[in-house]
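# Understanding the architecture of this molecule
Residues per chain are reported as follows:
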Amino acid sequence: MKVMIRRTSAGLTAYVPKKDLEEPIVKFENEGLWGGVITLRNGWRFALPHLPRDTRLPVTIEARKISDDD
């Protein structure tokens, strides 16, 4: 699923164009963000691809949505 990650004055947010949804990222597995799981304020979780730590934001990536059963 395409996800755009950007930095705002309030912190990192994720925008999912397919759902027209933008939510703050409230939790991330890896300090460098990339290659781990993030959690949005609404509870959705995404596995992010491995990217260089200095990847510039905003960036649109292909992330895998993790179901609540995982």
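Placed above this text is the structure.
What counts, and at which threshold
In every chain, residue numbers begin from 1 and rise along the written sequence. A pLDDT threshold of at least 70 governs which residues receive local features in this predicted model, and a stricter bar of 80 or more applies before side-chain atom pairs are shown or counted, although totals over entire chains, interfaces and linings include all residues. Excluding hydrogens and water, the side-chain values take into account all heavy atoms of the structure. Two strands qualify as a pair provided DSSP detects at least 2 bridges between them. The helix count covers DSSP runs of H or I at least four residues long, the strand count covers runs of E at least two residues long, and both are numbered beginning at the N terminus. Angles run from 0 to 180 degrees between N-to-C directions of axes, and those axes are lines fitted to C-alpha atoms, restricted for helices to the stretch in contact. Whether two residues are in contact is decided by their heavy atoms: any pair within 4.5 Å suffices. Two N or O atoms count as a polar contact when they lie within 3.5 Å, although within protein this holds only if one can serve as hydrogen donor and the other as acceptor, and sequence-adjacent residues are included solely when both atoms are side-chain atoms. A simple rule labels every residue: compare its accessible area, found with a 1.4 Å probe on the protein chains alone, to the largest value its type can have, and call it buried under 20%, exposed over 50%, or partly exposed in between. Only centres within 6.5 Å qualify two rings of Phe, Tyr or Trp (six-membered ring in Trp) as a pair; their planes then separate them into stacked at under 30 degrees, edge-to-face at over 60, and tilted for everything else. Whether a charge sits over a ring comes down to the Lys NZ or Arg CZ being within 6 Å of the ring centre and within 35 degrees of the ring normal.

### Side note on the sheet that holds strand S3 (residues 21-28)
Within a sheet, each strand pairs with its neighbour through backbone hydrogen bonds, oriented either parallel or antiparallel. The seven strands lie next to each other as S6-S1-S2-S3-S4-S5-S7, forming an open sheet whose pairing is antiparallel. Looking at which strands have only one partner, the edges of the open sheet turn out to be strand S6 (59-62) and strand S7 (64-66). Adjacent strand axes in the sheet meet at a mean angle of 40° when their direction is disregarded. Pairing between strand S4 (residues 37-40) and strand S5 (residues 45-47): three bridges, direction antiparallel. Residue pairing in the sheet places Val37 in a bridge with Ala47 of S5.

### A look at the environment of Glu62
Mapping Glu62 onto the fold places it in strand S6. Sequence-distant contacts of Glu62, defined by excluding residues within four places in its chain, comprise Met1, Lys2 and Pro49. Of note is the side chain of Glu62, whose polar atom sits 2.5 Å from the backbone nitrogen of Met1.

### Thoughts on unusual backbone geometry
For the bond running from Leu57 to Pro58, omega is 0°, close enough to zero to count as cis. As for its placement among the helices and strands, Pro58 is situated in the loop between S5 and S6. In this structure, Asp20 takes a positive phi of about 50° despite not being glycine. Relative to the helices and strands, Asp20 is located in the loop between strand S2 (11-16) and S3.

### Here's the deal with the side chain of Thr13
Tracing the backbone through its elements, the reader meets Thr13 in strand S2. We classify Thr13 as buried; its relative accessible area is 9%. In terms of polar contacts, Thr13 uses its side chain to reach the side chain of Glu22, at 3.1 Å. The residues touching Thr13, leaving out its near neighbours within four places in the chain, are Met4, Ile5, Arg6, Thr8, Glu22, Glu23, Pro24 and Ile25.

### Looking at the packing of aromatic side chains
Applying the stated rule across the entire model yields one aromatic pair. Taken together, a centroid distance of 6.3 Å and an interplanar angle of 65° make the contact between Trp44 and Phe46 edge-to-face. The ring of Trp44 is capped by Lys65, whose NZ or CZ atom sits 4.6 Å from the centre of that ring.

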